[in-house]
Amino acid sequence: MEIKKKSFIETYGCQMNFSDSEIVASILEKLNYEPTTDIKAADLILLNTCSIRDNAEQRVRNRLNELHALKRKHPGLVIGLLGCMAERLKDKLLEEERHIDLIVGPDGYRQLPQLLEQVESGQKAINVLLSADETYADINPVRTGGSGVTAFISIMRGCENFCAYCVVPYTRGKERSRNPQTIVKEAFELFEQGFREITLLGQNVNSYRWEDNGISIDFPALLEEVASVNPLLRVRFATSHPKDISDDLLEVIASHENICKSIHLPIQSGSTHMLEMMKRSYSRDCYMDRIAAIRRIIPGCAVTTDIIAGFCSETEEDHQHTISAMREVGYDYAYMFKYSERPNTIAAKKYPDDVPEEVKSRRLDEIIGLQQELSLKSNKREVGKEFVVLAEGVSKRSDQQLFGRTSQNKVVVFQRDAFKPGDYVKVKIVSCTAATLRGELVL
Ligand code: SAH
Ligand code: SF4
Ligand code: F3S
C-alpha cells in the first residue's frame, strides 16, 4: 500500500473560507493525502487566508514566520497559501515569503492536483485566476472538525457590490449562483447523515438567481425548497444586504417553522452620509424601513449586524448616528470593527484614511460597550420564555451540560440528561449573561 502524505489546513476569515476549506479537503482526499490535526506531522500545510482587514493579514504573516521554523526542521514540508490573501497579493507573496511553495486563489482549487505535482517536481506553483462560473457545485465537501449537527452550504460566490471599503470583490471576483439542484441535494444528504442545521452562504444571498430553461429561481424560492427537505432540518442564511431584503423573503421565513428567526443585516454605519461614501446604496431611513418590515412580518425575529467605526472623514456626529441606530434597532448581537484601509479599494483611492487611530479606538469601544448592554437586554427579555433548542455539543464548563441554539441563534446551556447533540430539546430560560442563556428542561 502506498504511504499517504498528511495534510493540515488552517482557516482564517469568514464562513465562506471555512466552507472552501471543506472543498479543498475533499479535493486532497482524492489525492494521496489524509488529514491530520497535528501540524508537526504534516507534509502539506495550507493556510486559507483572509484579507478583509490588515490585522487578518498580519495574523497570517505571523503564522508564516512560525511555519518557517517548522520547515527548517522538516525540509520536505510543503507550505501553501489559499484564499483571499493569495488572490490579493499573488506572486508578490512568493517574493516576500520565500518558504511558500504554493499559492492558490479562491477559484483555483480544482487545479490543486496539478499544482501540487509541480511543487513536487521542485518548482513553485501559483494559480490566482478568478472565474466567472466556478461554484464547485459538484464537489462534495468533507465536513471537517464540526459537530456533525450544523453545516455550511455555499450557494453563491463572489460579490460585485464594490462597497468602497471592501476588498472582497477583488479577491472573490464576479458574483455567481450555484445550481439549486446541487444545493438541495447537498442539504438532503446532510440531513440523511444526521445534520440538523444548515447555513446557506453567500456575500449577498438576496441576489441569488438561477436561470434554467426560462425558469428563474430567486433566493426566497431557493430557501423554500431547502426548507422543504425536512421539517427537522433547520435552515439559516448569511449574509443579507439591506438594499434588497424583500418582503417576499421575510414572508417565506415567517411561514416556515424550520427557517430560523434570525437575520444578519449589516448596517455598517447609522449615518446616511457615511453610507453614501461607503457606496452601500441604502440610507439610514431605508435600512430602518427594512427593520420595521422584519418586526411586522416576523415578530420575535433576532436581528444582528456588522458595524465599522472610523470610516474616512467620519465625524463625531456621524458616530452618534451609529450609536442611535444601534439603540433604535436594539441589535441582539453585532460584529464590530475599526475601519482598516485596504489597498486598491475605492475608499483607498478616493478618500484619506483620516480618522486618528485613537479616535477610531474610542468610537469602537463605545460601540462595543453599547452592544454589550443591548445583548444583555435582549437576553434578559428571554428569561421566563420557552424555546426549542437544537443541541450542538457538550458544554465546555461541564460534561453534565449541553449547549445549543434557539431559532433566534442564541446560545443556551442546559442539563444533559439523556439528550445528545442533534436532539431538539424544549427548555425554559431561567437566567442569562450578555453571551449565554441558561435553560431548564421542560418535560
Ligand atoms: N458581504 C457582507 C460582509 C462581508 S465582510 C456584507 O455586505 O455585509 C464582513 C464585514 O467586515 C463587513 O460587513 C464589514 O463590517 C467588515 N469590513 C469589511 N471591510 C472592512 C474594512 N476595510 N475595514 C473594517 N471592516 C471591514
Ligand atoms: Fe464587501 Fe459590500 Fe460585497 Fe459585502 S456586499 S462583500 S461589504 S463589497
Ligand atoms: Fe476574508 Fe475573503 Fe471572507 S477577505 S472575510 S476570507 S471573503
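Cut-off values and rules
- Residues numbered from 1 in each chain as written.
- Chains lettered and ligands numbered in written order.
- Predicted model: local features only at pLDDT ≥ 70, side-chain atom pairs only at ≥ 80, totals over all residues.
- Heavy atoms only, no water.
- Helix = DSSP H or I, 4+ residues; strand = E, 2+ residues; numbered from the N terminus.
- Expected span 1.5 Å × (residues − 1).
- Buried < 20%, exposed > 50% of the residue type's maximum accessible area, 1.4 Å probe, protein only.
- Core = buried A, V, L, I, M, F, W, Y, C linked by side-chain atoms within 4.5 Å.
- Domains from an automatic or database assignment.
- Near = heavy atom within 4 Å.
- Polar contact = N/O pair within 3.5 Å; in protein donor to acceptor, adjacent residues only side chain to side chain.
- Areas by Shrake-Rupley, 256 points an atom, 1.4 Å probe, with all protein chains shown as cover.
- Nonpolar A, V, L, I, M, F, W, Y, C, P; charged D, E, K, R; others polar.
- Phe/Tyr/Trp six-rings, centres within 6.5 Å; stacked < 30°, edge-to-face > 60°.
- Lys NZ or Arg CZ within 6 Å of the ring centre and 35° of its normal.
- Buried area = accessible area lost by both parts, 1.4 Å probe.
- Salt bridge = Lys/Arg side-chain N within 4 Å of Asp/Glu carboxyl O.
- Axes fitted to C-alpha atoms, helices over the stretch in contact; angles between N-to-C directions.
- Parallel < 35°, antiparallel > 145°, perpendicular 65-115°, else oblique.
- Left-handed = near helix turned anticlockwise from the far one by under 90°.
- Contact = heavy atoms within 4.5 Å.
- Pairing = 2+ DSSP bridges.

**Side note on helix α1 (residues 15–30)**
Side chains three or four residues apart in an α-helix point the same way, a direct result of the helix having 3.6 residues per turn. With 16 residues, α1 should cover 22 Å at 1.5 Å per step; its first-to-last C-alpha distance of 24 Å lies within 8% of that length. With twelve of its 16 residues buried, α1 lies for the most part within the structure. The set of residues buried in α1 consists of M16, N17, S19, D20, S21, E22, I23, V24, A25, S26, I27 and L28.

**A word on the nonpolar core**
Counting residues in hydrophobic clusters, the biggest one holds 70 residues, and the most contacted among them are L200, F219, L223 and F311. By residue number, the principal contributor to this core is helix α11 (residues 284–297), which donates six residues. A domain-level breakdown of this core finds at least three residues from each of domain 2 (147–260) and domain 3 (268–380). Residues F8, I39, L64 and L93 belong to the second largest nonpolar core, which totals 23 residues.

**Some thoughts on the site of ligand 1**
Surrounding ligand 1, one finds 15 residues, the nearest of these being Q203, P266, Q268, D306 and S340. Taking R280, its side chain carries an N or O atom lying 3.2 Å from an oxygen atom of ligand 1. At 2.6 Å from an oxygen atom of ligand 1 is found a side-chain nitrogen or oxygen belonging to D306. Here ligand 1 loses 90% of its free accessible area of 540 Å² to cover by the protein chains. The set of elements that each furnish at least two residues to the shell around ligand 1 consists of β15 (302–309) and β16 (333–338). Here the shell around ligand 1 is built from residues that sort into six nonpolar, four polar and five charged. A domain-level breakdown of the shell around ligand 1 finds at least three residues from each of domain 2 (147–260) and domain 3 (268–380).

**Some thoughts on the packing of aromatic side chains**
Here a ring pair, both rings aromatic, is described through the centre-centre distance and the interplanar angle of the planes. Scanning the model with the defined rule gives eight aromatic pairs in all. An angle of 70° between the planes, with centres 5.3 Å apart, marks the rings of F219 and F237 as edge-to-face. Highlighted residues: F219 in helix α8 (residues 219–227) and F237 in strand β13 (residues 234–238), separated in sequence by 18 residues. Of the residues examined, F237 reaches a relative accessible area of 6% and is grouped as buried. Ring plane angle 80° and centroid distance 4.9 Å describe the contact between F311 and Y339, whose orientation is recorded as edge-to-face. Of the two residues, F311 is situated in the loop between β15 and α12 (316–329) and Y339 in the loop between β16 and α13 (346–350); the sequence distance between them amounts to 28 residues. Feature note: the residues Y165, F311, Y339 and Y351 constitute an aromatic cluster, connected by ring pairs. Across the ring face of F337, the terminal group of R53 is positioned such that the distance to the ring centre comes to 3.6 Å. Geometry around F191 places R196 over its ring, the cationic atom sitting 4.0 Å from the centre.

**Topic: the domain arrangement of the chain**
Frequently, the measure chosen for interface size is the accessible area that the parts lose on association. For the chain, the domain assignment lists domain 1 (5–127), domain 2 (147–260), domain 3 (268–380) and domain 4 (386–441). The C-alpha-based centres of domain 1 and domain 3 are spaced at 34 Å. Here domain 1 and domain 3 share an interface that buries about 440 Å² over both sides, 44% of which is from carbon and sulfur atoms. For the domain 1 face of the interface with domain 3, the top three residues by lost area are R53, D54 and R88, together amounting to 83%. Linking domain 1 with domain 3 are one salt bridge. Here E57 ties to R342 by a salt bridge, and the two come within 3.2 Å at their closest N and O atoms. Put simply, domain 1 and domain 3 have three residue pairs in polar contact (both at pLDDT 80 or more) between them. The residue inventory of the side of domain 1 that touches domain 3, partitioned by class, reads one nonpolar, one polar and four charged.

**What to know about the packing of α11 against α12**
Between α11 and α12, the least distance of the axes is 11 Å, while the angle of their chain directions is 10°. On the basis of the axis angle, α11 is roughly parallel to α12. In this structure, α11 crosses over α12, and the sense of that crossing is right-handed. The segment α11 lies against α12, with R284, Y287, M288, I291 and R295 engaging H321, S324, A325, E328 and V329. When the residues that make up the contact of α11 with α12 are grouped by side-chain class, the tally is five nonpolar, two polar and three charged.

**Digging into the sheet that holds strand β10 (residues 197–201)**
Ordered in space as β7-β10-β13, the three strands form an open sheet in which the pairing is parallel. Each edge of the sheet is formed by a strand with only one pairing partner; in this case those strands are β7 (150–154) and β13. This sheet shows a mean twist of 25° between the axes of neighbouring strands, independent of strand direction. One ladder, built from five bridges, connects β7 with β10; its direction is parallel. What sits directly across from I153, in β10, is L200. In the packing of α1 onto the sheet, contacts are made with β7, β10 and β13, and the angle to β7 comes to roughly 90°.

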